[in-house]
Amino acid sequence: MVTDILITRAGEEPGAASFKIEVPAERVQQFEHTAASAFAKRARLPGFRKGKAPLAVVRKRFHDAIREQVVRDVVGESWKATLDQESLEPIADPRVHDLKFEAGSSLTFEFHVELKPDVAVGRVGGFTVTRQPRAVTDEMVDHHLEELRRQRAPWVPVEGRPAATGEMVSVTLATLSDDEPDEAKPYQIVLGEDQAIPDVERLIGTLEPGGTTDGDVTFPDDFPDESKRGQTRQVRIVLQEVKRRDLPDLDGAFAGEVGDFDDLAALRTAVREDIEAEARREADAHVRKQLVEQLVAANDIPAPRPLVDRLLHAYREAYSIPDETLEQFFTEFRPIAEAQVKRDLLLDQIVAQEHLRASEEELDSRIAEIAERRNAEPGEVYAQLQKAKRLKALEQTITEDKVFDFLLSQSTVTES
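Procedures and definitions
- Residues numbered from 1 in each chain as written.
- Predicted model: local features only at pLDDT ≥ 70, side-chain atom pairs only at ≥ 80, totals over all residues.
- Heavy atoms only, no water.
- Helix = DSSP H or I, 4+ residues; strand = E, 2+ residues; numbered from the N terminus.
- Rg over C-alpha atoms; globule rule 2.2 N^0.38 Å.
- Buried < 20%, exposed > 50% of the residue type's maximum accessible area, 1.4 Å probe, protein only.
- Contact = heavy atoms within 4.5 Å.
- Areas by Shrake-Rupley, 256 points an atom, 1.4 Å probe, with all protein chains shown as cover.
- Lys, Arg positive; Asp, Glu negative; His and termini not counted.
- Charge placed at Lys NZ, Arg CZ, Asp CG, Glu CD.
- Polar contact = N/O pair within 3.5 Å; in protein donor to acceptor, adjacent residues only side chain to side chain.
- Expected span 1.5 Å × (residues − 1).
- Phe/Tyr/Trp six-rings, centres within 6.5 Å; stacked < 30°, edge-to-face > 60°.
- Lys NZ or Arg CZ within 6 Å of the ring centre and 35° of its normal.
- Axes fitted to C-alpha atoms, helices over the stretch in contact; angles between N-to-C directions.
- Parallel < 35°, antiparallel > 145°, perpendicular 65-115°, else oblique.
- Pairing = 2+ DSSP bridges.

Trainee: Mind showing me how you'd approach the overall build of the chain here?
Mentor: When its secondary structure is counted, the chain shows 12 helices and 12 strands. The C-alpha radius of gyration of the chain comes to 32 Å, more than 25% above the 22 Å expected for a compact globule of 416 residues. Relative to its full complement of 416 residues, the chain shows a buried share of 33%. Partitioning the contacts of the chain with sequence separation of at least 6, the portion at a separation of at least 24 is 64%. Accessible surface, the chain: about 25300 Å² in total, of which carbon and sulfur atoms supply 47%. Mean positive and mean negative side-chain charge positions of the chain (55 and 81 charges, respectively) differ by 8 Å.

This is the structure:
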């Protein structure tokens, strides 16, 4: 691209670079004329037919909007020129700083660009990792069956006694101020599942359905709302209803309700197979974790600050971290973000140099497998994934499977 825009590299660090941009006044005037002409064609001004207002009038009437359009157009063309001149591989759109725009003068600003850093992969194999699947016991199967019973158990009312752990209560709770209750709020709580603070559960445990009690409750030191931690409130609790789970019998009828099982033995077999499959997935995930740790340790991969900062801000959004704890959060999570950045850069480079990115044929094949499991048409599954914007995630999963298959073929996996 031939251009009269002056582009000068102003700074550089791993994962980022800065460029000073100067657009001559003559070129800015061309952008301004183009923008003003576009506004003139669309403008409806009193005393003029549409598109017939003089440019001088249009410039005065739409001064701010034309100026904004000029800046957008200049920045866009300058970014294209920078990409062409510097042969950049940006990972995001650039940030614009220090923009100076005076009438009749050149327009200047700086681009700050986050870049994919150069990554040199030396060693990709010769590691030893251990796969250790979790042993599946009869007790684990029994526990899972009990969970199935709890999930399918209806809630039935309890009369004439306080609620026990594991039972569900319907209560209203009001804070007392000078012995007068504020507005009572309704709650449903399963006791013993940390759905209410301990003092609230203690007070509920003193009541039978229909009962009322006043008492002090102290918020624990780990209460989510920091402003309430350690504080004591006087409350009034009314217990309206207690319900218990009516657990079904663990028999053939229950097995038939859970799924297409002829008897309880068939259900137990299916549950054991599910737990064993999960144990294998956990073991495979641990093998991958070991492999990545050894891979990163064997290769001197940078963790560019801009990429780490970007990931930290993503963590912040995911965990809804408040501003007052942000500095502490960033300090604690920075090592985690650095490790993740190194992992991603290293695996991306291996994918590129070994040509392991998922192909369209592999994506189609995976979609066909999903369709078969769902007893659906592949086209229907593809449309569903596309609508949910999950095609990219599926492609990334296939690519990651391929890269780990490659890496594991280069190393030794021991079973224990």
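Trainee: Help me understand the side chain of Glu114 in this model?
Mentor: Among the secondary structure elements, Glu114 is positioned in strand 4 (residues 107-114). Within the structure, Glu114 has its side chain in polar contact with the side chain of Arg310 (distance 2.8 Å). If we ignore the near neighbours within four places in the chain, the residues touching Glu114 are Gly15, Ala16, Pro90, Ile91, Ala92, Arg95, Pro306 and Arg310.

Trainee: Just checking my understanding: could you explain helix 1 (residues 25-42) for this structure?
Mentor: An α-helical segment advances 3.6 residues per turn. Residues three or four places apart therefore align on the same side. Taking 1.5 Å per residue as the helical rise, helix 1 with its 18 residues ought to reach 26 Å, and the 26 Å between its terminal C-alpha atoms agrees with that figure. Listed as buried for helix 1 are Ala25, Arg27, Val28, Phe31, Ala35, Ala36, Phe39 and Ala40. Along its buried surface, helix 1 packs onto strand 2 (16-23), helix 2 (55-61), helix 3 (63-86) and strand 4.

Trainee: Looking at this structure, how should I read the packing of aromatic side chains?
Mentor: For any pair of aromatic rings, the description consists of the separation of the ring centres together with the inter-plane angle of the planes. Taken as a whole and judged by the stated rule, the model has 9 aromatic pairs. With 5.5 Å between their ring centres and 35 degrees between their planes, Phe39 and Phe62 make a pair best called tilted. Taken together, the residues span a long stretch of sequence, with Phe39 in helix 1 and Phe62 in the loop between helix 2 and helix 3 at a distance of 23 residues. Under the relative-accessibility criterion, Phe39 is labelled buried at 14%. A relative accessible area of 19% means that Phe62 is categorised as buried. Relative to Phe333, the ring of Tyr319 lies with its centre 5.9 Å away and its plane at 55 degrees, an arrangement referred to as tilted. With Tyr319 in helix 8 (residues 305-319) and Phe333 in helix 9 (residues 326-354), this pair connects stretches of sequence that are 14 residues apart. Joined through ring pairs, the aromatic side chains of Tyr315, Tyr319, Phe329, Phe330 and Phe333 make up one cluster. Note that Arg61 overlies the ring of Phe62, its terminal NZ or CZ placed 5.0 Å from the centroid.

Trainee: Is there a simple way to think about the packing of helix 4 (residues 138-152) against helix 7 (residues 264-298) in this case?
Mentor: What describes two packed helices is the angle between their axes and the distance between those same axes. Put simply, helix 4 and helix 7 touch, their axes get as near as 10 Å, and they point 110 degrees apart. Viewed along their axes, helix 4 and helix 7 adopt a mutual orientation that is roughly perpendicular. For the pair formed by helix 4 and helix 7, the contact residues are Asp138, Met140, Val141, Asp142, His144, Leu145 and Leu148 on the first element and Leu267, Arg268, Val271, Arg272 and Ile275 on the second.

Trainee: I would appreciate a short explanation of the sheet that holds strand 2 in the present structure.
Mentor: Hydrogen bonds between backbone atoms are what pair the strands of a sheet, whose relative direction is either parallel or antiparallel. Read from one edge to the other, the open sheet built from 4 strands follows the order 1-2-4-3, with strand pairing classed as antiparallel. Each of the sheet's edge strands pairs with one partner strand only, and the pair in question is strand 1 (6-13) and strand 3 (95-100). Averaged over all pairs of adjacent strands, the angle between strand axes in this sheet comes to 20 degrees, irrespective of strand direction. Relative to strand 4, strand 3 runs antiparallel, the two sharing 4 bridges. By the bridge assignment, Lys100 is partnered in strand 4 with Thr108.

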